[in-house]
Amino acid sequence: MKIAIGADSAGKPLLDVIAAHLAGKTGITLTDFSQPGFYADISQTVARKVVEGEFDRGLLFCGTGIGVSISANKVPGIRAALTHDTYSAERAAKSNNAQIITMGARMIGPELAKAIVDKYLASNFDPTGPSAENVKAVDRLDQIKR
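Presented here is a report on the structure given in the accompanying data block. All values reported here derive from a predicted model rather than from experimental measurement.

Right, let's talk about the sheet that holds strand 4 (residues 80-82) for a bit. Strands sit in the order 2-1-3-5-4 across an open sheet of 5 strands; the sheet is parallel. Pairing within the sheet leaves two strands with one partner each, and these edge strands are strand 2 (29-32) and strand 4. Across the sheet, the axes of successive neighbouring strands diverge by a mean angle of 25 degrees, strand direction being ignored. The pairing of strand 1 (residues 2-7) with strand 3 (residues 57-62) spans 5 bridges and is parallel. The residue of strand 3 that forms the bridge with A4 is G58.

Here it is as structure tokens:
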């Protein structure tokens with residue numbers, strides 16, 4: 001699985017923990033798009049890379065996780081979900097087909113963040129499942145945006 005990651009200066013410490021955690025996992029390739037500057041620019045870069053198919057999923061970090069979530073969701077076709085526990089991470093993937101999750105480094109400790117990422121990456125959307133029609137409705141909103 002190819003994963004795009006990014007963080008602003010507030011989120012970088014948590015990104016570093018997650019990158020080290022995932023580095024030892026078989027089948028996962030990480031590319032870090034963090035750079036000095038605004039979280040909106042980093043979020044847009046990661047979101048575009050994911051929506052264009054270069055990466056399977058994305059992980060974004062800032063102080064609260066809110067800013068990177070808002071800015072990533074500005075890219076048509078992206079569903080970025082702010083996560084704060086393993087259940088929200090699982091549902092982001094399984095119920096909402098979110099390609100990106102976001103977290104706040106000032107809100108979540110490193111061990112919980114690792115568990116959140118693990119749960120998210122282990123969860124997949126079922127296009128024939130009970131949430132499929134809701135996801136299709138969100139996809140229609142993307143068409144309006146474009």
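Moving on, we come to the packing of helix 4 (residues 86-94) against helix 5 (residues 110-121). The N-to-C vectors of helix 4 and helix 5 enclose an angle of 25 degrees; their axes lie 8 Å apart at closest approach. Viewed along their axes, helix 4 and helix 5 adopt a mutual orientation that is roughly parallel. Here helix 4 and helix 5 pass one another in a crossing that is right-handed. Mapping the contact onto sequence places T86, A89, E90 and A93 in helix 4 and A115, I116, K119 and Y120 in helix 5. Across the contact of helix 4 with helix 5, the residue classes break down as 5 nonpolar, 1 polar and 2 charged.

With that out of the way, let us pick up the packing of helix 1 (residues 12-23) against helix 5. Two elements in contact, helix 1 and helix 5, have axes whose closest approach is 10 Å; the angle formed by their N-to-C orientations is 55 degrees. Judged by the inter-axis angle, helix 1 sits oblique to helix 5. As helix 1 packs across helix 5, the resulting crossing turns out to be right-handed. Residues L14, V17, I18, H21 and L22 of helix 1 form the contact with helix 5, whose participating residues are P110, A113, K114, V117, D118 and L121. Of the residues belonging to the contact of helix 1 with helix 5, the class tally is 8 nonpolar, 1 polar and 2 charged.

What follows covers the pairing of strand 2. Where strand 1 and strand 2 come together, 4 bridges link them in parallel fashion. Within strand 2, the position partnered with I3 by the bridge is L30. In this view, the connection linking strand 1 to its parallel neighbour strand 2 by way of helix 1 has right-handed handedness.

The next thing to look at is the environment of G53. Within the secondary structure layout, G53 lies in the loop between helix 2 (39-51) and strand 3. Considered as a pair, G53 and K2 are 51 residues apart in the sequence and their alpha carbons are 9.8 Å apart.

Thresholds applied
- Residues numbered from 1 in each chain as written.
- Predicted model: local features only at pLDDT ≥ 70, side-chain atom pairs only at ≥ 80, totals over all residues.
- Heavy atoms only, no water.
- Pairing = 2+ DSSP bridges.
- Helix = DSSP H or I, 4+ residues; strand = E, 2+ residues; numbered from the N terminus.
- Axes fitted to C-alpha atoms, helices over the stretch in contact; angles between N-to-C directions.
- Parallel < 35°, antiparallel > 145°, perpendicular 65-115°, else oblique.
- Left-handed = near helix turned anticlockwise from the far one by under 90°.
- Contact = heavy atoms within 4.5 Å.
- Nonpolar A, V, L, I, M, F, W, Y, C, P; charged D, E, K, R; others polar.
- Right-handed = clockwise from strand over helix to strand, strands pointing away.

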